[in-house]
Amino acid sequence: MNDILDPMKNPLTYAIPFFVIAILIELAALKWLDHDDNLAGYVFKDARTSVLMGLGSIVSMTVFKVLAFGIYAAIFAYASLWQIPGTWWGVAISVLVVDLAYYWNHRFVHRTRVGWAAHQAHHSSEYMTFATALRQKWNPWFEFFFFLPLPFLGISPAAIYIAFSINLVYQFFVHTETIGKLWRPLELVLNTPSHHRVHHGSDPEYLDKNYAGILIVWDRLFGTFQPERQRPTYGLTYKVDTYNLIRLEYGAFRELWNDVRSADGWRLKLSYAFRPPGWTPEETMRSSAAPESAR
């Protein structure tokens, strides 16, 4: 158990030197190679904030793993339908199933306000670089529920954590503008830099698209795929004028709490929490009053 929960033995930790090398290569490419002058590049304050948020996420992820491990382990030991072995094909199955669970968790945190309050910090940068990939949330708690079915299906806690770490390592390398579209068969199957740039776009046609971790196949299957047609406008739909880590990570929770606290009745409180970001009671009233042809 100690090896599984030790952050120093996490695949993400082993990947840190490669993250640093990738950032340095990207910086060199932006400085010396020919590229579109519209690329956002790096801003020191923004990149520093992303790195600090990444370091903080190591702590929150370790806490999450410790709290979830016992429950996952008990389910795996006493309630699993079968147990998937640690063979190469067992690892492949674990990576595939975790990737599917990640898709649905990612979709949930975009489409519910309480989930978005936790996740929006990752989207708060107006830059798309490898450093932005490190701008991770400190609130991974919803992942517990989306990974909960996995030990019932015979995937051990160790396999869940390792597969999820592989997923996050892969996603680091799709946060860049320096790589264009890849070979078409890869673009059809994998989440690529082009697909993930769309996901970070705040343009209306790009909102809530391309939730994939490793396989873009999930978006194609479940109707959330959007190809990159023009360069996205990165960041949130409103200006974020702060580098304060606490405000970036928890400011949206404060706003949600204020709305929930002031709402009359549990139905309205739950609507604020679980309807999409930006929902208001007035929006529902307008929608209900609109004629069918106008919806």
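The shown structure was predicted, so the numbers you read here are calculated from the model rather than taken from an experiment. (Residues numbered from 1 in each chain as written. Predicted model: local features only at pLDDT ≥ 70, side-chain atom pairs only at ≥ 80, totals over all residues. Heavy atoms only, no water.)

**Let's talk about the overall build of the protein chain**
- Counting secondary structure elements, the protein chain contains 15 helices and zero strands.
- Looking at the protein chain residue by residue over its 295 residues, the buried ones come to 46%.
- Taking as baseline every contact in the protein chain between residues at least 6 positions apart, the subset at least 24 positions apart corresponds to 74%.
- Accessible area of the protein chain: about 15,600 Å², with a carbon and sulfur share of 66%. (Helix = DSSP H or I, 4+ residues; strand = E, 2+ residues; numbered from the N terminus. Buried < 20%, exposed > 50% of the residue type's maximum accessible area, 1.4 Å probe, protein only. Contact = heavy atoms within 4.5 Å. Areas by Shrake-Rupley, 256 points an atom, 1.4 Å probe, with all protein chains shown as cover.)

**Quick notes on the pattern of salt bridges**
- Applying the stated rule across the entire model yields seven salt bridges.
- Asp46 is the salt-bridge partner of Arg135, the closest N and O atoms lying 3.0 Å from each other. Of the two residues, Arg135 sits in the loop between α6 (130–133) and α7 (143–147) while Asp46 sits in helix α3 (residues 44–78), which places them 89 residues apart along the sequence.
- Taking the shortest distance from any N to any O, the salt bridge between Glu143 and Lys137 comes out at 3.1 Å.
- The exposure class of Glu143 is buried, given its relative accessible area of 2%.
- By relative accessible area, Lys137 is classed as buried at 14%. (Salt bridge = Lys/Arg side-chain N within 4 Å of Asp/Glu carboxyl O.)

**Some points on the nonpolar core**
- Counting residues in hydrophobic clusters, the biggest one holds 17 residues, and the most contacted among them are Tyr72, Phe147, Leu150, Ile160 and Phe164.
- With residues near it in sequence (within four places) discarded, Tyr72 still touches Phe64, Glu143, Phe144, Phe147, Leu148, Pro151, Pro157, Ile160 and Tyr161. (Core = buried A, V, L, I, M, F, W, Y, C linked by side-chain atoms within 4.5 Å.)

**Concerning a positive patch on the surface**
- A cluster of like positive charges, contributed by Lys181, Arg184, Arg220 and Arg229, occupies part of the molecular surface.
- A residue is classified by how much of its surface remains accessible, and Arg220, at 35% relative accessible area, is partly exposed. (Patch = residues over 30% accessible without salt bridge, like charges linked within 9 Å, V, L, I, M, F, W, Y side chains within 5 Å. Lys, Arg positive; Asp, Glu negative; His and termini not counted. Charge placed at Lys NZ, Arg CZ, Asp CG, Glu CD.)

**Regarding the UniProt feature "transmembrane region" (unreviewed entry) in the protein chain**
- In the numbering used here, UniProt assigns the "transmembrane region" (unreviewed entry) feature to residues 12–30, 51–81, 87–104 and 144–164.
- When the span residues 51–81 is considered, its composition is 90% helix and 0% strand, and the gap between its end C-alpha atoms is 41 Å.
- Here residues 87–104 runs as 94% helix and 0% strand, with 26 Å between its end C-alpha atoms. (UniProt positions renumbered as here; feature names shortened; annotations may be inferred.)

**A word on the environment of Trp141**
- Topologically, Trp141 is positioned in the loop between α6 and α7.
- With relative accessibility at 38%, the residue Trp141 sits in the partly exposed group.
- Distance from Trp141 to Met61, taken between C-alpha atoms, is 8.9 Å for residues 80 residues apart in sequence.
- If sequence neighbours within four positions are ignored, Trp141 has contacts with Ser60, Val63 and Phe64.

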